[in-house]
Amino acid sequence: MHEEIDVVVIGAGQAGLAASHELGLRGVEHVVLEAESPGASWAHRWDSFTLVGPNHLVLLPGAPYEGDDPAGFMSREQITHHLEDYASRLNADVRHDTPVRALRPGRAGGYDLETDHGTVRSRVVVVATGAYQRPNQPAAVQSLPSGLTRVDVSQYRNPAGLPDGAVLVVGSGQSACQIAEELAEAGREVVMACGRAPWFPRRTGGRDVFEWLLDTPFFDHRVSDLPTPAARLGANPQVSGRGGGHDLSFRTLAALGVRLGGHLVGSDDTTVRMAPDLEATLGASDAAHDWLRDLITASCAQKGQASPDVPDPAPFSPRPVESVPVRHLGAVVVAAGFRSRYTEWIDVPGLVDEQGFPRHDDGESTVAPDLHFVGVHFLRTRRSALLFGVGDDARATATRIAGRLGLAG
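Our subject in this report is the structure included herewith. Note that the structure is a prediction, hence the values are computed from the model and not measured.

On to the overall build of the protein, then. Along the backbone of the protein there are eight helices and 23 strands. Counting only C-alpha atoms, the protein reaches 65 × 60 × 40 Å along its principal axes. Counting every position in the protein, which comprises 409 residues, the buried fraction comes to 55%. Long-range contacts, defined here as pairs at least 24 residues apart, represent 69% of the contacts in the protein between residues at least 6 apart. Total accessible area on the protein is roughly 17700 Å²; 49% of this is exposed by carbon and sulfur atoms. The centroid of the 37 positive side-chain charges in the protein is displaced by 3 Å from the centroid of its 51 negative side-chain charges.

Have a look at this one:
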């Protein structure tokens, strides 16, 4: 089967659906190709997963949250249903179970997309395959004994799904902390090999942390505002939406009995080792807390508003875990962030930079004209992949494509 289409959007998560909505508003005929079903990536999260931002910040174009719990946090089932409903109302052909296995420039221009149902040739392509494509596997993880059960964040479902014994959680961002908390509350012994991650109180001064940060330039930061481009791979602030939302940090985990260690160094057949850097990691986490507080305080002062009273972090010096006997562990959960996988299926030399992010000009590839990206972390700003920010990028990309095709933008 061979089919020719002017514009193809790859992916029917929030980015692809937002792009489809905006293309439709501009009269751009297109097709959305989805590997599974709309919102499927959310459905694959663990059982107790919830959004970390309040429901009222689900601001997809044409599909804002309109439920009766704006301050709550949607479950994985609820956000999946929201996206399925969004897809059903689009004026576009959204094709389920149509994974794109390969994309390459066509000989006569445009792009050839290899799918399970044949080849699609498209003049313009929007890649909207999500910000969380491939769970990161730090090199030290590869040294763990092959007989030790190991799951990544995309495979973890619940505490009962892991073998008996202590659990080593590798990572310390949002997912790692939420999983470690759930395991500890289920009575499991948990050791965390910690990386660096910021934290901040879930609520302060009667407002949610997201609402405070939205009043600052935080979510408008561009890559040029970061210390280095590699900072895009840093962990998001530790926070949880489970149970109505609550504080989550190294301190709250330690209070639950989670034992903290430095970052994972490696393992032999008998012992898993962690680096002696926990003190520095905790110090960096507190420094990030103070930076966020100062950012909020400065923004409030600039606007003539009262800033929240956020006290200094309390002293915290847990005894670091340096090693764990392999025989003591039942499983390892690797929750060390995500990386892109564009180069695994897009055959365009020079497509991504050193960190795996697309090289682009306002969302359009600089090495492959008419190949666009939406839903990429820090594509334009820090909010680019988020449920309250991806619509901005979708509008910009749809306008650019409409103009290229000679349609009203």
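Picking up after the structure, the text goes on.
It is worth spelling out empty space enclosed by the protein at this point. Empty space among the atoms can be located by rolling a probe the size of a water molecule over them. Within this structure, the stated rule accounts for two cavities of 30 Å³ or more. By volume, the largest cavity is sized at about 40 Å³. As for the largest cavity, its lining consists of Trp46, Ser48, Thr50, Gln178, Glu182, Ser240 and Arg242. A volume near 40 Å³ is recorded for the second largest cavity. In this structure, the second largest cavity is lined by Trp199, Ser249, Phe250, Arg251, Leu282, Ser285, Asp286 and Phe316. Broken down by secondary-structure element, the contributors of at least two residues to the lining of the second largest cavity are helix 6 (250–255) and helix 7 (278–303). Considering every element that reaches the lining of the second largest cavity, the biggest residue donor is helix 7, with three residues. For the lining of the second largest cavity, a count of residues per class yields four nonpolar, two polar and two charged.

All right, on to the pairing of strand 8 (residues 118–127) then. When you tally the buried positions in strand 8, you get eight out of ten residues, the bulk of the element. As paired strands, strand 1 (residues 2–10) and strand 8 are joined by eight bridges and run parallel to one another. Along strand 8, the bridge assignment pairs Val7 with Val124. By the bridge criterion, five bridges tie strand 7 (residues 111–115) to strand 8 in an arrangement that is antiparallel. Each bridged residue has a counterpart across the sheet, and for Tyr111 the counterpart in strand 8 is Ser122. The antiparallel pairing of strand 7 with strand 8 creates a hairpin that spans two residues between the two strands. Relative to strand 23 (residues 371–373), strand 8 runs parallel, the two being bridged by three bridges. Of the residues in strand 23, the one forming a bridge with Val127 is Phe373.

This paragraph deals with the packing of helix 1 (residues 14–25) against helix 3 (residues 76–88). Taken N-terminus to C-terminus, the directions of helix 1 and helix 3 make an angle of 25°; their axes are 10 Å apart at the nearest point. In this view, helix 1 runs roughly parallel relative to helix 3, as classed from their interaxial angle. With respect to the hand of their crossing, helix 1 and helix 3 are arranged in left-handed fashion. Taking contact as the criterion, the partners of Gln14, Leu17, Ala18 and His21 in helix 1 are, on helix 3, Leu83, Tyr86 and Ala87. The residue makeup of the contact of helix 1 with helix 3, split by class, is five nonpolar, two polar and no charged.

About the thresholds
- Residues numbered from 1 in each chain as written.
- Predicted model: local features only at pLDDT ≥ 70, side-chain atom pairs only at ≥ 80, totals over all residues.
- Heavy atoms only, no water.
- Helix = DSSP H or I, 4+ residues; strand = E, 2+ residues; numbered from the N terminus.
- Buried < 20%, exposed > 50% of the residue type's maximum accessible area, 1.4 Å probe, protein only.
- Contact = heavy atoms within 4.5 Å.
- Areas by Shrake-Rupley, 256 points an atom, 1.4 Å probe, with all protein chains shown as cover.
- Lys, Arg positive; Asp, Glu negative; His and termini not counted.
- Charge placed at Lys NZ, Arg CZ, Asp CG, Glu CD.
- 1 Å grid on protein atoms, 1.4 Å probe; cavity = no way out; pocket = protein on both sides within 12 Å on 5 of 7 lines; lining within 4 Å.
- Points joined across faces, edges and corners; volume = space filled by probe spheres on them.
- Nonpolar A, V, L, I, M, F, W, Y, C, P; charged D, E, K, R; others polar.
- Pairing = 2+ DSSP bridges.
- Axes fitted to C-alpha atoms, helices over the stretch in contact; angles between N-to-C directions.
- Parallel < 35°, antiparallel > 145°, perpendicular 65-115°, else oblique.
- Left-handed = near helix turned anticlockwise from the far one by under 90°.

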